[in-house]
Amino acid sequence: MASGQEHLISAEEVMRRVRSKLGVERLTATVGTTTASEFGGIAQTGASGSDFTRKSQYLLGDLVRYDDAEFVANVYRAVLMREPDGAAFDYLRALRSGALSKVELLGRIRWSEEGVARAVHIDGLMIPYKLRTWRRIPVLGPALAWVIDVTRLSTLLDRSDTHVGVVSGDLQQLREHMAQVVGTHRAKIASIEEALVRQPSIELIDALNTRIDALAERLTIELGRQEKRAADGGARTSSTFKNLDSLYADFEDQFRGSQEQIRQRLQPYLKFVSDLGAGTESAPVLDLGCGRGEWLEMLMERGLVASGVDLNQVFVNACKSKHLNVSNEDAIEKLSSLPDQSLGLISLFHLAEHLPFEVMIELFDQALRVLVPGGGMIVETPNAENALVAQWGFYMDPTHRNPLPPEMLRWMIQSRGFAQADILRLFEARPEPGIAFVADDVAGACSINALIEPTRAAFDYAIVARKSVSVQ
C-alpha cells in the first residue's frame, strides 16, 4: 500500500485497468504506423469484456469513464456509429498531451460535421464543453474560469470527467439559468472583449473585473434561490412572478369577468355551504386562491366565518380594503399549519389548473386531514369538454398549466380518500353556446350535430366533494 489514504478497488476494476493499459501500450508501440482499421482492433483489445453498448442516447458519464484508446474508440462508436479512422490518432495524441480534456474531445467529435449529422444525444455534455471552450479564450477565459470557481461550478465540471454522471433536477435548473445569463450578458461581454483587444489597459481590465464580480454575485444569489425553491418543492411562486402581481390583477379584471358576474356564478354554491353547516366558529370556510374576494364577500354578508389566502399581494390588499380576513400565504403552507379537523369547507375556484400535479395531490391530502367529519371541498376549473375552452379559452391565461378533465379530477379526489365527489357542469352567468344544432331533417344532421355538441358543453365545472362523516 502506498499510503493509508489509498482506496480499495474491486477486482473487476483492476482487470479493466489492466486491459486498458495493454491497449495503450500496443497503440503506443505502433502509433506511427498503425492503420485506421487496426485502431479499432487495438481499442477492442483494451475493451475486451467491457460493458460498453451502443444506445440511442447517453449520459456524459457513460463515455468519460473509459480511458485513452478505449475512450477514443468508444466515442467513435457512440457518436459517429462507426469504428475509428486515421483521425482518431490525432485525437488520442491531443488527449495524452493534455491539449484536450475528455469533455473537449467528446464535444469536438459530437459537434463535428459528421457528429451533427448523426445527432446522438449526450445528456450533460453541452454546458461542460462550452465552459471549457470559453476558458481557452484569451483574457476573458481566465476571468470566466474565476467566476466558475466562485460559484462552485468547477466542482460539477470536474466530477463530469471522473464520475458516471447523474443529471439531477438541480443541475437542469443550473443549465437553464446559465443559458439565461449568457443570453443576457452576451452583448456586454462581447463589447468588453472587443475593447480589450483594441485598447488593453488597466482601466478596462478593472472595469471587466467589476462586471464579473457583479455577475458572480448574481449567480450566487440565484443559486441560493434555486436551492430554496427545490427545498420548498416548487409550491411557492418565485420572486420573478411576484413582481407581476399588478399585471396579473389587471389581466383578471380584463378576462375573468366583472365582480358581479363572478358573484352570480358562485351563487349556486351557497346551498352546499348550508347543507354542510359550514361557516361556523368550529367549522369555518377557507378559500384558497381567493383572488378579488367575491366568494368571501358573499359568505361575510350572510354572517358566516370565512378566511382566504392568495400569493398575489394586489389581491390581498384589495380584500383587506373590504375588511375580509385574507393573508398573503401559500395554499400548502396554510393547510399544513392547521390542526386536524379544523375546517368545515375548503374552496378552490380556478386554482387547481395552476398547480403542478404533485402539489395538487398534496393539497387534496392536506384538505382531507383538516376538514371536520362530513366537511366539504369545492374545486372549480375550466371544462376541457368544451371545444372552445380546450382549444382557446383555457390558454388565455398564461399561468395555466394544463386542462383537467372532469372524470379524471373526480377520480383523483376520491382516490385521496373523499367519500363522495360529484361533477357539476356550470352554465350560470357564463357565455351562451354560440352554435345551434341543425334540424334532424337536414342531410347529415347526426354528423353535423356531433361536431357542434362539444362547442355547447359547459365552460366550467366543479367537483363538489365531502369527507366521510365517520372519523378514521
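A brief look at the structure comes next.

1. Examining the overall build of the protein chain
Thinking step 1. Looking only at helices and strands, the protein chain features 23 helices and nine strands.
Thinking step 2. Considering the protein chain as a whole, with its 472 residues, one finds that 43% of them fall into the buried category.
Thinking step 3. Expressed as a percentage of contacts within the protein chain between residues at least 6 apart in sequence, the contacts between residues at least 24 apart total 72%.
Thinking step 4. Working note: accessible area of the protein chain is about 25,000 Å², and carbon and sulfur atoms make up 56% of it.

2. As for a nonpolar patch on the surface
Thinking step 1. Residues Trp111, Val116 and Met126 make up a contiguous nonpolar surface patch of about 260 Å² in total accessible area.
Thinking step 2. Looking at the secondary structure, you find Val116 in helix α7 (residues 113–118).
Thinking step 3. A residue is classified by how much of its surface remains accessible, and Val116, at 46% relative accessible area, is partly exposed.

3. So, helix α22 (residues 406–415)
Thinking step 1. Turning to α22, its buried residues number three or more, namely Pro406, Leu409, Met412 and Ile413. Each buried residue of α22 lies within a common arc of 130° when the element is viewed along its axis, so the set occupies one face.
Thinking step 2. Looking at the residues trailing α22, positive phi occurs at Gly417, about 120°.

4. Some remarks on the packing of aromatic side chains
Thinking step 1. Evaluation of the coordinates by the stated rule reveals five aromatic pairs.
Thinking step 2. Here the aromatic rings of Tyr269 and Trp295 are separated by 6.3 Å at their centres, their planes lie at 85°, and the arrangement is edge-to-face. Here Trp295 lies in helix α17 (residues 294–301) and Tyr269 lies in helix α16 (residues 269–276), a separation of 26 residues in the sequence. As far as burial versus exposure is concerned, Tyr269 and Trp295 are alike and both buried.
Thinking step 3. With centroids separated by 5.4 Å and ring planes inclined at 70°, the aromatic side chains of Trp295 and Phe349 adopt a geometry described as edge-to-face. Linking Trp295 in helix α17 with Phe349 in strand β6 (residues 343–349), this pair joins segments that are 54 residues apart in sequence.

5. So, the environment of Ser282
Thinking step 1. Its place among the elements puts Ser282 in the loop between α16 and β3 (285–288).
Thinking step 2. Sequence-wise, Ser282 and Val372 are 90 residues apart; in three dimensions their C-alpha atoms are separated by 9.0 Å.
Thinking step 3. Those residues in contact with Ser282, other than ones at most four positions away along the chain, are Ser342 and Val372.

6. Quick word on the side chain of Asn312
Thinking step 1. Residue placement: Asn312 occurs in the loop between β4 (306–309) and α18 (313–321).
Thinking step 2. A residue is classified by how much of its surface remains accessible, and Asn312, at 6% relative accessible area, is buried.
Thinking step 3. At 2.9 Å, the side chain of Asn312 and the backbone nitrogen of Val314 are in polar contact.

7. Regarding the pattern of salt bridges
Thinking step 1. Evaluated as defined, the whole model comprises 18 salt bridges.
Thinking step 2. Note that Asp340 is salt-bridged to Arg369, the shortest N-O span being 2.7 Å. Taken together, the residues Asp340 in the loop between α19 (331–336) and β6 and Arg369 in helix α20 (residues 357–370) connect sequence positions 29 residues apart.
Thinking step 3. A relative accessible area of 49% places Asp340 in the partly exposed class.
Thinking step 4. Through salt bridges with shared partners, a single network forms among Arg54, Arg77 and Glu83.

8. Some remarks on the sheet that holds β3
Within a sheet, each strand pairs with its neighbour through backbone hydrogen bonds, oriented either parallel or antiparallel.
Thinking step 1. On the basis of which strands lie adjacent, the open sheet formed by seven strands has the order β5-β4-β3-β6-β7-β9-β8 and mixed pairing. Looking at the sheet topology across the chains shown, the edges are occupied by β5 (326–327) and β8 (420–426).
Thinking step 2. On the sheet, α16 packs against β6, β7 (371–382), β8 and β9 (460–466) and is oriented at approximately 170° with respect to β7.
Thinking step 3. Set on the sheet, α22 makes contact with β7, β8 and β9; between it and β8 the angle comes to about 155°.

9. Description of the nonpolar core
Taken as a class, soluble globular proteins show a tendency for nonpolar side chains to be buried jointly.
Thinking step 1. With 34 residues, the main nonpolar core has Leu288, Ile346 and Ile413 as its most contacted residues.
Thinking step 2. Elements with a minimum of two residues in this core: β3, α19, β6, α20, β7, α22, β8 and β9.
Thinking step 3. The element that contributes the greatest number of residues to this core is α20, accounting for eight residues.
Thinking step 4. Residues in contact with Leu288, not counting those within four places in the same chain, are Val309, Ala331, Leu335, Ile346, Ser347, Leu348, Phe349, Leu351 and Leu363.

10. What to know about the environment of Asn328
Thinking step 1. Residue position: Asn328 is located in the loop between β5 and α19.
Thinking step 2. Relative accessible area serves as the criterion here: at 28%, Asn328 is assigned to the partly exposed category.
Thinking step 3. In sequence terms Asn328 and Asn317 are 11 residues apart; their C-alpha atoms lie 9.0 Å from each other.
Thinking step 4. Polar side-chain contacts of Asn328 include one of 2.8 Å to the backbone oxygen of Asp310.
Thinking step 5. Only 3.1 Å separates the side chain of Asn328 from the backbone oxygen of Leu311, close enough to count as a polar contact.

11. Topic: α16
Two residues of an α-helix separated by three or four positions point the same way, owing to the 3.6 residues in each turn.
Thinking step 1. Listed as buried for α16 are Tyr269, Leu270, Phe272, Val273 and Leu276. Burial along α16 is one-sided: seen end-on, the buried residues are contained in an arc of 160°. Facing away from the buried side of α16, by more than 90 degrees, are the exposed residues Lys271 and Ser274.
Thinking step 2. Looking at the packing, one finds that the buried side of α16 touches α15 (259–266), α17, β6, β7, β8 and β9.
Thinking step 3. Positive phi appears at Gly277, one or two residues downstream of α16, with a value of about 70°.

12. A closer look at the packing of α16 against α17
Thinking step 1. At a minimum axis separation of 12 Å, α16 and α17 run at an interaxial angle of 50°. Classified by the interaxial angle, the pair formed by α16 and α17 is oblique. α17 is crossed by α16, and the crossing has right-handed handedness. Across the interface between the two elements, Tyr269, Leu270 and Val273 from α16 touch Trp295, Met298 and Leu299 from α17.
Thinking step 2. The residue inventory of the contact of α16 with α17, partitioned by class, reads six nonpolar, no polar and no charged.

Parameters and conventions
Residues numbered from 1 in each chain as written. Predicted model: local features only at pLDDT ≥ 70, side-chain atom pairs only at ≥ 80, totals over all residues. Heavy atoms only, no water. Helix = DSSP H or I, 4+ residues; strand = E, 2+ residues; numbered from the N terminus. Buried < 20%, exposed > 50% of the residue type's maximum accessible area, 1.4 Å probe, protein only. Contact = heavy atoms within 4.5 Å. Areas by Shrake-Rupley, 256 points an atom, 1.4 Å probe, with all protein chains shown as cover. Patch = residues over 30% accessible without salt bridge, like charges linked within 9 Å, V, L, I, M, F, W, Y side chains within 5 Å. Salt bridge = Lys/Arg side-chain N within 4 Å of Asp/Glu carboxyl O. Arc of directions from axis to C-beta. Phe/Tyr/Trp six-rings, centres within 6.5 Å; stacked < 30°, edge-to-face > 60°. Polar contact = N/O pair within 3.5 Å; in protein donor to acceptor, adjacent residues only side chain to side chain. Pairing = 2+ DSSP bridges. Axes fitted to C-alpha atoms, helices over the stretch in contact; angles between N-to-C directions. Core = buried A, V, L, I, M, F, W, Y, C linked by side-chain atoms within 4.5 Å. Parallel < 35°, antiparallel > 145°, perpendicular 65-115°, else oblique. Left-handed = near helix turned anticlockwise from the far one by under 90°. Nonpolar A, V, L, I, M, F, W, Y, C, P; charged D, E, K, R; others polar.

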